[in-house]
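# Residue-level structure breakdown
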Amino acid sequence: YNWEIIYIDHHLSHAAWTCFSSWYKNSAILTVDWVWEESTTTWWIGDWNKINIKEKLIFPHSIWLLYSTFTAYLWFEVNEWEYKMMWLAPYWKPIYKNLIEKELININNDWSFELNMKYFSFQYWKYMFNTKFEKLFWKKTRKKSEEVNIFHKNIASSIQKVIENLLLKIVKYIYEKTKEDNLCISWWVWLNCVANYEILKKSKFKNILWWLSHSRNAR
């Protein structure tokens, strides 16, 4: 093999894909993934010729890993069955939303946030959370054979609402910083179509393009 191999940042590849495959002359770009290299969340400014990173959040502070921790807590397969969490969310009430925001995540006044790592263990790869996490909700992890009950539906509803509000806050921050009409968003977290719809309804961006989907006009 005689050709040159060029290595690029993972989030840059997502940002480039969604920006350069759009027909927007200028756009803000937001990528939200679990973690690659050190980044979990990045936002950029792009046009037809170039994109420039503005800010990033780094591991272990990850929206995807937070959501996937709850996926594991309900005994769904991480990185595969997050959609089951989203499906469960409308069936009951987000009664643990405030507890999650108080104990598990610190949401700052800008766009950033930090996870309270005393409850998590995904940085060690074997388990997503520890016993402190279970004690916080006064329930053990759902067993594989256990029926999904109201508690599990409340958990799914609560983390879904936290994620929706957090993503919307980030998008609103980016709009205030850029005043762009167009937003390009990319990668795994954006498969959460309910959160996407909240952004479509409530953000000030006129056009939003999802990677792996089609452009929709927000107004």
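For the structure given in this document, a descriptive report is provided here. Note that this is a predicted model, so its numbers are computed, not measured.

### What to know about the nonpolar core
Here is a general trend for soluble globular proteins: nonpolar side chains tend to be buried in one another's company. Leu30, Phe70 and Phe137 are the most contacted members of the largest nonpolar core, which totals 59 residues. Of the residues forming this core, the biggest block, 14 residues, is contributed by helix H6 (residues 150-178).

### Examining unusual backbone geometry
With an omega dihedral of 10°, the bond running from phenylalanine 59 to proline 60 counts as a cis peptide bond. Mapped onto the fold, proline 60 is located in the loop between strand E3 (51-58) and helix H2 (63-73). The backbone of tryptophan 75 sits at a positive phi, close to 60°, despite the residue not being glycine. Here tryptophan 75 lies in the loop between H2 and helix H3 (82-88). Overall, tryptophan 75 belongs to the partly exposed group, its relative accessible area being 42%.

### Remarks on H6
In this model H6 runs 42 Å from its N-terminal to its C-terminal C-alpha over 29 residues, within 8% of the 42 Å that 1.5 Å per residue would give. Taking burial as the measure, the 29 residues of H6 include 21 buried ones, the bulk of the element. Measuring from the backbone nitrogen of phenylalanine 151 back to the side-chain oxygen at the start of H6 gives 3.0 Å, which picks out asparagine 149 as the cap. After H6 finishes, the residue lysine 179 shows a positive phi value of roughly 55°.

### Re the pairing of strand E2 (residues 39-47)
With 8 of 9 residues buried, E2 lies mostly within the body of the structure. Of the pairings in the sheet, the one linking strand E1 (residues 26-36) to E2 comprises 8 bridges and is antiparallel in character. What sits directly across from tryptophan 36, in E2, is serine 39. Where E1 folds back onto E2 in an antiparallel hairpin, the turn is made up of 2 residues, including glutamate 37, whose phi is positive at roughly 50°. Of the strand pairs in this sheet, E2 and E3 are connected by 7 bridges, and their pairing is antiparallel. Residue pairing for E3: tryptophan 44 is matched across the bridge by isoleucine 53.

### Section: the packing of H6 against helix H7 (residues 193-202)
Packing of H6 against H7 leaves a shortest axis separation of 9 Å and a crossing angle of 40°. On the basis of their axis angle, the class for H6 and H7 is oblique. Considering only the axes of H6 and H7, their crossing is right-handed. Across from Gln160, Glu164, Leu167, Leu168, Val171 and Lys172 in H6, the residues of H7 making contact are Val194, Ala195, Glu198, Ile199 and Lys202.

### A closer look at the layout of surface pockets
The calculated volume of the largest pocket comes to roughly 490 Å³. Forming the walls of the largest pocket are 20 residues, and the residues nearest its centre are Ala72, Val78, Lys126, Tyr127 and Met128. Counting residues per element, the ones that place at least two in the lining of the largest pocket are E1 and H2. Across the lining of the largest pocket, the residue classes tally to 14 nonpolar, 2 polar and 4 charged. Taken as a whole, the second largest pocket holds about 200 Å³ of empty space.

### Remarks on a nonpolar patch on the surface
On the surface, Tyr1, Trp3, Ile5 and Tyr7 cluster together to form a nonpolar patch covering roughly 680 Å² of accessible area. Summarising the element assignment, tryptophan 3 is placed in the segment before helix H1 (10-20).

Conventions used here
- Residues numbered from 1 in each chain as written.
- Predicted model: local features only at pLDDT ≥ 70, side-chain atom pairs only at ≥ 80, totals over all residues.
- Heavy atoms only, no water.
- Core = buried A, V, L, I, M, F, W, Y, C linked by side-chain atoms within 4.5 Å.
- Buried < 20%, exposed > 50% of the residue type's maximum accessible area, 1.4 Å probe, protein only.
- Helix = DSSP H or I, 4+ residues; strand = E, 2+ residues; numbered from the N terminus.
- Expected span 1.5 Å × (residues − 1).
- Polar contact = N/O pair within 3.5 Å; in protein donor to acceptor, adjacent residues only side chain to side chain.
- Pairing = 2+ DSSP bridges.
- Axes fitted to C-alpha atoms, helices over the stretch in contact; angles between N-to-C directions.
- Parallel < 35°, antiparallel > 145°, perpendicular 65-115°, else oblique.
- Left-handed = near helix turned anticlockwise from the far one by under 90°.
- Contact = heavy atoms within 4.5 Å.
- 1 Å grid on protein atoms, 1.4 Å probe; cavity = no way out; pocket = protein on both sides within 12 Å on 5 of 7 lines; lining within 4 Å.
- Points joined across faces, edges and corners; volume = space filled by probe spheres on them.
- Nonpolar A, V, L, I, M, F, W, Y, C, P; charged D, E, K, R; others polar.
- Patch = residues over 30% accessible without salt bridge, like charges linked within 9 Å, V, L, I, M, F, W, Y side chains within 5 Å.
- Areas by Shrake-Rupley, 256 points an atom, 1.4 Å probe, with all protein chains shown as cover.
- Salt bridge = Lys/Arg side-chain N within 4 Å of Asp/Glu carboxyl O.

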